[in-house]
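Report on the structure
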Amino acid sequence: ACNLYTGCDHGCIYCYAPNALQRKRDEFHAQVRPRKDVLNKLAKDAAGYGKAREKRQVLFCFATDPYCHADAEHALTHQAIEICHRHGLNICVLTKGGTRSLRDLNLFGSGDSYACTLTSLDPQESKHWEPNAALPEDRIEALSAFHDAGIYTWVSLEPVLDPSTTLDIIERTAPFVDEFKVGT
């Protein structure tokens, strides 16, 4: 996994990252910045993994979002994907950024995957739980576009806020989602 940013501006109420990183929740969501020297460190690590012929995907990101609003300014995700591919590494993007991610669709190849988290189909409920993330329909549009481009897609159904809603999400997205990962 590679975390390109410190913090995430999506502001999800259920986010585990502030506690895991021992940061205050309001600071984590308000102070998003590129990790120090992250692209140089990634290039060094990618070179080593490439020489070792690593076949696992590099996950962007585990404790932040690769298509947070800050990425529009810094474009770290675009550069990070290029670095990984240059060293023969495949990538997996997990995001709530929705169609913001389409700016990098042309970088994805057959060994890569694209994923998003979906907790609701209702925009008002989504705004409550994930105030600054892309709305569910926007995320669904991005999933469909990546799938149509031949990219493996999956959905993280975590947290499950309501089991019947989770089943509705699966039914709605099944035609263009290759895998569902259901959390608690």
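An account of the accompanying structure is given in this report. These numbers come from a predicted model, not from an experiment. (Residues numbered from 1 in each chain as written. Predicted model: local features only at pLDDT ≥ 70, side-chain atom pairs only at ≥ 80, totals over all residues. Heavy atoms only, no water.)

**Here we look at the overall build of the protein**
Note the cut-off: Secondary structure counts use DSSP, requiring at least four H or I residues in a row for a helix and at least two E residues in a row for a strand, with both numbered from the N terminus. Atoms counted for the radius of gyration: C-alpha only. Globule rule: 2.2 Å times the number of residues to the power 0.38. Note on classification: 1.4 Å probe, protein chains only; a residue is buried when its accessible area is under 20% of the maximum for its type, exposed when over 50%, partly exposed between these limits. For this analysis, residues touch if any pair of their heavy atoms sits within 4.5 Å. Per-residue accessibility takes into account occlusion by the displayed protein chains alone, with areas from the Shrake-Rupley method and a 1.4 Å probe.
The number of helices and strands found in the protein is 8 helices and 7 strands. Expected size for 184 residues packed as a compact globule is a radius of gyration near 16 Å; at 16 Å, the protein falls within 12% of this value. Every one of the 184 residues in the protein was classed for burial, and the buried ones make up 45%. Here the analysis covers contacts within the protein between residues at least 6 apart in sequence; of these, 72% occur between residues at least 24 apart. Summed over all atoms, the accessible surface of the protein reaches about 9200 Å², with 51% contributed by carbon and sulfur.

**Focus on the environment of Thr64**
What counts, and what does not: Side-chain atoms alone can form a polar contact between residues adjacent in sequence; in general such a contact is a pair of N or O atoms within 3.5 Å, and within protein one must be able to donate a hydrogen while the other accepts it.
Among the structural elements, Thr64 can be located in the loop between β3 (58-60) and α4 (71-74). Exposure remark for Thr64: the relative accessible area of 10% places this residue in the buried category. Note: C-alpha distance between Thr64 and Cys15 (49 residues apart in sequence) is 9.5 Å. When residues no more than four places from it in sequence are discounted, the contact partners of Thr64 are Asn3, Leu4, Tyr5, Gly7 and Cys8. In this structure the side chain of Thr64 is engaged in a polar contact, spanning 2.5 Å, whose partner is the backbone oxygen of Gly7.

**Quick look at unusual backbone geometry**
Put simply, Phe60 and Cys61 share a cis peptide bond, and its omega is -5 degrees. With omega at 0 degrees, the peptide bond leading from Glu158 into Pro159 counts as cis. Its place among the elements puts Pro159 in the loop between β6 (152-157) and α8 (163-173). With a phi angle near 60 degrees, Arg53 is a residue other than glycine that sits in the positive phi range.

**Considerations on the nonpolar core**
Put simply, the rule reads: To define a nonpolar core, start from buried Ala, Val, Leu, Ile, Met, Phe, Trp, Tyr and Cys residues and group those joined through side-chain atoms within 4.5 Å.
Ranked by size, the top nonpolar core spans 37 residues in total, and within it Leu4, Phe60, Ile91, Phe108, Tyr114 and Leu143 carry the most contacts. Contributing elements (two or more residues each) for this core: α3 (38-51), β3, α5 (76-86), β4 (91-95), β5 (113-117), α7 (136-148) and β6. The biggest single contributor to this core is α5, with 5 residues. Apart from residues lying up to four places away in sequence, Phe60 is in contact with Cys2, Leu4, Leu42, Pro66, Ala80, Ile81, Cys84, Ile91, Cys92, Val93 and Leu94. Among the nonpolar cores identified, the runner-up in size contains 6 residues, and Cys8, Cys12, Ala17 and Ala63 belong to it.

**Regarding the sheet that holds β6**
Convention followed: Strand pairing is assigned whenever DSSP detects at least two bridges linking the two strands. Throughout, an axis means a line fitted to C-alpha atoms (over the contacting stretch in the case of helices), and angles, computed between N-to-C directions, take values from 0 to 180 degrees.
As summarised here, the arrangement of the 5 strands in space is β3-β4-β5-β6-β7, forming an open sheet in which the pairing is parallel. The outermost strands of the open sheet, each flanked by one partner alone, are β3 and β7 (179-182). Each strand of the sheet is rotated relative to its neighbour by a mean of 20 degrees, with strand direction disregarded. Relative to β4, β3 runs parallel, the two sharing 3 bridges. Pairing of Phe60 across the sheet is with Val93, part of β4. Its contacts with the sheet put α5 on β3 and β4, and the angle it makes with β3 is roughly 175 degrees.

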